There are 2 protein chains.
Amino acid sequence: MKSPNDTVPKMSVHSQRGQCAKRLSILEAAAEVFCRQGFAGASIDEIASEACVSRQTVYNHYREKDNLFMAVVEDVMDRANAMLFSTLSSFPENPESLEDDLAAFAVRLSHNCICNQDGKFLRKLVLSEGERYPHLFESWRQHGPGKIGTALAALLSRLSRKGLLQIDDFDVAARQFLALVNADLQMSTLFGVTPTQAELESAARNAVRTFMRAYAPPPAQTNAPALRTA
Amino acid sequence: MKSPNDTVPKMSVHSQRGQCAKRLSILEAAAEVFCRQGFAGASIDEIASEACVSRQTVYNHYREKDNLFMAVVEDVMDRANAMLFSTLSSFPENPESLEDDLAAFAVRLSHNCICNQDGKFLRKLVLSEGERYPHLFESWRQHGPGKIGTALAALLSRLSRKGLLQIDDFDVAARQFLALVNADLQMSTLFGVTPTQAELESAARNAVRTFMRAYAPPPAQTNAPALRTA
DNA sequence: GACGTTTTAGACAATGGTGTCTAATTTTAC
DNA sequence: GTAAAATTAGACACCATTGTCTAAAACGTC
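Predicted, not measured: the structure shown is a model, and the values here were computed from it. Sequence order as written defines residue numbering, which begins from 1 separately in each chain. Starting at A for chains and at 1 for ligands, labels are handed out in the order in which the entities are written. In keeping with the model being predicted, local features are shown solely for residues with a pLDDT of at least 70 and side-chain atom pairs are shown and tallied solely at 80 or more, while totals for entire chains, interfaces and linings include all residues. To get the side-chain values, take all heavy atoms of the structure and skip hydrogens and water.

Comments concerning the interface of chain B and chain A
Stated precisely, the cut-off is as follows: Only heavy atoms matter for contacts: two residues are in contact if any of them lie within 4.5 Å across the pair. Buried surface area refers to the total accessible area, computed with a probe of radius 1.4 Å, that the two partners give up upon joining, counted for both partners together. We count a salt bridge whenever a side-chain nitrogen from Lys or Arg sits within 4 Å of a carboxyl oxygen from Asp or Glu. Under the rule applied, a polar contact is a pair of N or O atoms within 3.5 Å (in protein, one hydrogen donor and one hydrogen acceptor; residues adjacent in sequence only if both atoms are side-chain atoms). To qualify as a helix, a DSSP run of H or I must reach at least 4 residues; to qualify as a strand, a run of E must reach at least 2; elements of each kind are numbered from the N terminus. Residue classes follow a fixed rule: Ala, Val, Leu, Ile, Met, Phe, Trp, Tyr, Cys and Pro count as nonpolar, while Asp, Glu, Lys and Arg count as charged, and any other residue, Gly among them, counts as polar.
On the side of chain A, 37 residues touch chain B, which itself brings 38 residues to the contact. Roughly 3,600 Å² of surface becomes buried between chain B and chain A when both sides are summed, with 58% attributable to carbon and sulfur atoms. Area buried by chain B at its contact with chain A is led by B:Leu127, B:Phe191 and B:Arg213, which between them contribute 18% of it. At the boundary of chain B and chain A, one finds 10 salt bridges. Viewed at the interface, chain A and chain B are joined by 17 residue pairs in polar contact (both at pLDDT 80 or more). Listed by contribution, the elements that provide at least two residues to the side of chain B that touches chain A are helix H1 (16–41), helix H6 (117–129), helix H7 (134–143), helix H9 (170–183), helix H10 (186–190) and helix H11 (197–215) of chain B. Residues of the side of chain B that touches chain A, tallied by class, amount to 16 nonpolar, nine polar and 13 charged.

Given below as structure tokens:
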């Protein structure tokens, strides 16, 4: 229960620099090892050695293994969410070619949020440790994947209002867009293989082509009235 | 290295009955515990007690933890593959209503292969232990998910040849069908929640509707020539 | 250079797991 | 009923890991 950290040391602001670097180094190494070995399989010694830090330093910064794990998860979740919404903000608003722009967006999405190290980490850890730490990943579920659906739905609704797409249920369409982007990548991600840029682009093209075929408005040049206005 | 099993016991065929039950019980309990705790987090004691069997019996049947784990994985993989292809054989060949029949098929697929215990087990274990046992899951990858794509592609090509669908790339379409079926379920499966039957049916309907919109043949009743013949 | 803080290596007890062994008991086959 | 096989509980050595502790060393600041 008690730990050396309980006696708050009056550390000068400047001495934080070295400490901060160590903290970061530990966090990074711990993410690596937890991702590779899982919580139970990871040992503090391994983390310390991978962080080029003594074991005691790890215990100084994070009192116990559980605590370190939670800190790592929260760190990765924050980074992943930031990246997610940063990528989301690059969604094409006034596309020149909707298909091309959506495909480019899909590539960014899979590259920055799904196939990167953080994405891999979260998939693995949510699945393997999610039940043991129900509240830990819950906030991520709500603020990350939970929100990306509605956020993407809102963006799709704008395109729909411009007449570039014809969508009846935006939430469903958003989930389907994400699912289609993943369709060709799932085998790779499941087995930890990082797809090449070419594979990413091919997957995105396939996804967007099908998405557009399903949700493209009827080719009403001038004469044909829209078959259905949702 | 050496174990009691090395001195092959000349067991009569009949004495297998009790043994067989124990083996099965151990296998089942081990699957449960490995799935819940992961390989490193699972203890033989816990498995033995969950199987209502002494620890020594576990060691008698499977020499070591590694061995038990591999036996469990192979067992689950076999069951999952059998179920996969059994479900696949119920793919609508001469559909009355293609949309309804495809949706019913999608429900069967998600219910029997994705949302069941074996599906959960394999997702979890492939992801968390796949890198540690590269060859173990490799055969599953080839014979399971690797083949379902091509098998489903073949079935889709039949529907396409009958003029019920218009598909240019059958492999892509097959992957997309699977992805769409999962679109609404991924959040649930990721967090270990088993979807209700109603959710399954809703997800299937959404998936099939979009799939059909993307791949339905042009409504060439009699007059309109097909816009594109792939 | 002196001070306080952080880091380090190493030893340490406590714990929990694996895999082995034994001796007693139960099950099963004939 | 008897003999062989399987099962059981318990003890055991061994090892890895967690988390603590200490004394020495390195570091940064004044």
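This is not the end of the story, as more comes after the structure.
Quick look at the relation of the copies chain B and chain A
How we decide: In this comparison the copies share one frame, found by least squares on the C-alpha atoms of residues holding pLDDT of at least 70 in both.
With an RMSD of 0.0 Å, chain B superimposes on chain A once it is rotated by 180 degrees and translated 0.0 Å along the axis. Each copy turns onto its partner about a two-fold axis. Across chain B, the rotation axis passes nearest the C-alpha of B:Ala214, at a separation of 2.1 Å. In this assembly, 97% of the residues forming the interface of chain B have copies in chain A that are likewise at the interface, indicating an isologous arrangement.

Some words on the pattern of salt bridges
What counts, and what does not: Relative accessible area decides the class of each residue, using a 1.4 Å probe on protein chains only: under 20% of the type maximum gives buried, over 50% gives exposed, and in between gives partly exposed.
In this structure the tally under the stated criterion is 26 salt bridges over all chains. Between A:Glu50 and A:Arg36 there is a salt bridge, with its nearest N and O atoms 3.0 Å apart. Taken together, the residues A:Glu50 in helix H2 (residues 44–50) and A:Arg36 in helix H1 (residues 16–41) connect sequence positions 14 residues apart. Owing to a relative accessible area of 35%, A:Glu50 belongs among the partly exposed residues under this scheme. B:Lys124 serves as the salt-bridge partner of A:Glu131, at 3.1 Å between the closest nitrogen and oxygen. Of this pair, A:Glu131 sits in the loop between helix H6 (117–129) and helix H7 (134–143) while B:Lys124 sits in helix H6, each in a different chain. Among the charged side chains, a salt-bridge network with shared partners connects A:Arg36, A:Glu46 and A:Glu50.

Quick notes on unusual backbone geometry
The backbone of A:Cys52 sits at a positive phi, close to 55 degrees, despite the residue not being glycine. Tracing the backbone through its elements, the reader meets A:Cys52 in the loop between H2 and helix H3 (55–61).

On their own, these measurements won't tell you what the molecule is for.
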